[in-house]
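So the chains spell out like this:
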Amino acid sequence: MKLAARLGLLALVVHLAVSAQTLEQAEALWHARDFVSANLAFRALVAQSPDRLEYKVLWGRMFMDHGDRDDLGNADDLFKEVLKVDKSNSGALLGLALMAADAYDGGAEKLARAAIEANPKLVEAQELIARLALEDNNDSKAADEARKALAIAPNSVVAKAILADRKSTRLNSSHLGI
């Protein structure tokens, strides 16, 4: 009986270790730009644990990173699938916001704000709002939003870059007499 209990415990530990290793493997393959293998790893993860919404969000982000039309459609589908289960999933909302921003869709800011509402510490969403304001030539709003990002994450490179860009633009404008 003791042997059966030990074997059962060992099987559980191995199962948990394989799951964690598979997520690490999927992310490592993604970051190594081996999208075919990463896709297979994420597919296996989601099949193994369909209730782990973060796997679907990460898989969607991987599709966004690859970025061809079919992959963007897959990312969109995954984010929407997550939102059907959890309508305030900040990762899925951010994914859709990033896709909308890349497509110059006016709904990007609304989605990013919904992501922040769901997770007030989601600095990437706050950075996106700052970037969108900068792209709209609304420098004061961009600075305000960048400062909010820095309040969340004081080392935010994106927020610092936005503030530095504003400062550089002001310096160049005053130097040129504009």
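Preceding this section is the structure that the text describes.
Residues numbered from 1 in each chain as written. Predicted model: local features only at pLDDT ≥ 70, side-chain atom pairs only at ≥ 80, totals over all residues. Heavy atoms only, no water.

Asks: So what about the overall build of the protein chain? Which residues, and what values?
Replies: Across its full length, the protein chain holds nine helices and zero strands. Element order for the protein chain, N to C, with α for helix and β for strand: α-α-α-α-α-α-α-α-α. When burial is assessed residue by residue, the protein chain has 36% of its 178 residues classed as buried. In the protein chain, the proportion of contacts linking residues at least 24 apart, taken out of those at least 6 apart, comes to 41%. Of the accessible surface of the protein chain, which amounts to about 10900 Å², a share of 57% is contributed by carbon and sulfur atoms. (Helix = DSSP H or I, 4+ residues; strand = E, 2+ residues; numbered from the N terminus. Buried < 20%, exposed > 50% of the residue type's maximum accessible area, 1.4 Å probe, protein only. Contact = heavy atoms within 4.5 Å. Areas by Shrake-Rupley, 256 points an atom, 1.4 Å probe, with all protein chains shown as cover.)

Asks: Break down the environment of alanine 100 for me, citing the residues and quoting the values.
Replies: Structurally, alanine 100 can be placed in helix 5 (residues 90-102). Apart from residues lying up to four places away in sequence, alanine 100 is in contact with Asp105, Gly107, Ala108 and Leu111.

Asks: Give me the lowdown on the pattern of salt bridges, citing residues and values where you can.
Replies: Taken as a whole and assessed by the stated rule, the structure comprises 11 salt bridges. The shortest N-O distance in the salt bridge between glutamate 145 and lysine 148 comes to 3.6 Å. Here the residue glutamate 145 and the residue lysine 148 both occupy positions in helix 8 (residues 139-152), the gap between them amounting to three residues, near one helical turn. With a relative accessible area of 43%, lysine 148 lands in the partly exposed category. Residues joined by salt bridges that share partners form a network here, namely Glu109, Arg113, Lys141, Glu145 and Lys148. (Salt bridge = Lys/Arg side-chain N within 4 Å of Asp/Glu carboxyl O.)

Asks: Got a sec to walk through helix 4 (residues 69-85)? Specific residues and values, please.
Replies: Helix length check: helix 4 (17 residues) gives 25 Å between terminal C-alpha atoms against 24 Å at 1.5 Å per residue, within 8%. Restricting attention to buried positions, one finds in helix 4 the residues Asp71, Ala75, Asp76, Leu78, Phe79, Val82 and Leu83. Projected down its long axis, helix 4 shows its buried positions confined to an angular sector of 165°, all on one face. Facing away from the buried side of helix 4 by over 90 degrees, the exposed positions are Arg69, Asp70, Lys84 and Val85. In this fold, the buried residues of helix 4 make contact with helix 3 (53-66) and helix 5. Put simply, aspartate 68 is the residue that caps the front of helix 4, since its side-chain oxygen is 3.2 Å from the backbone nitrogen of aspartate 70. (Expected span 1.5 Å × (residues − 1). Arc of directions from axis to C-beta. Polar contact = N/O pair within 3.5 Å; in protein donor to acceptor, adjacent residues only side chain to side chain.)

Asks: Tell me what's going on with the environment of isoleucine 152, and back it up with residues and numbers.
Replies: With respect to the helices and strands, isoleucine 152 occurs in helix 8. Those residues in contact with isoleucine 152 that lie beyond four places of it in its chain are Pro120, Lys121, Val123 and Gln126.

Asks: Could you give an account of helix 3, naming the residues involved and the relevant values?
Replies: End to end, helix 3 covers 20 Å across 14 residues, agreeing with the expected 20 Å (1.5 Å per residue, within 8%). What helix 3 keeps buried is the set Leu53, Tyr55, Lys56, Val57, Trp59, Gly60, Met62, Phe63 and Met64. One or two residues past the end of helix 3 sits glycine 67, with phi positive at roughly 75°.

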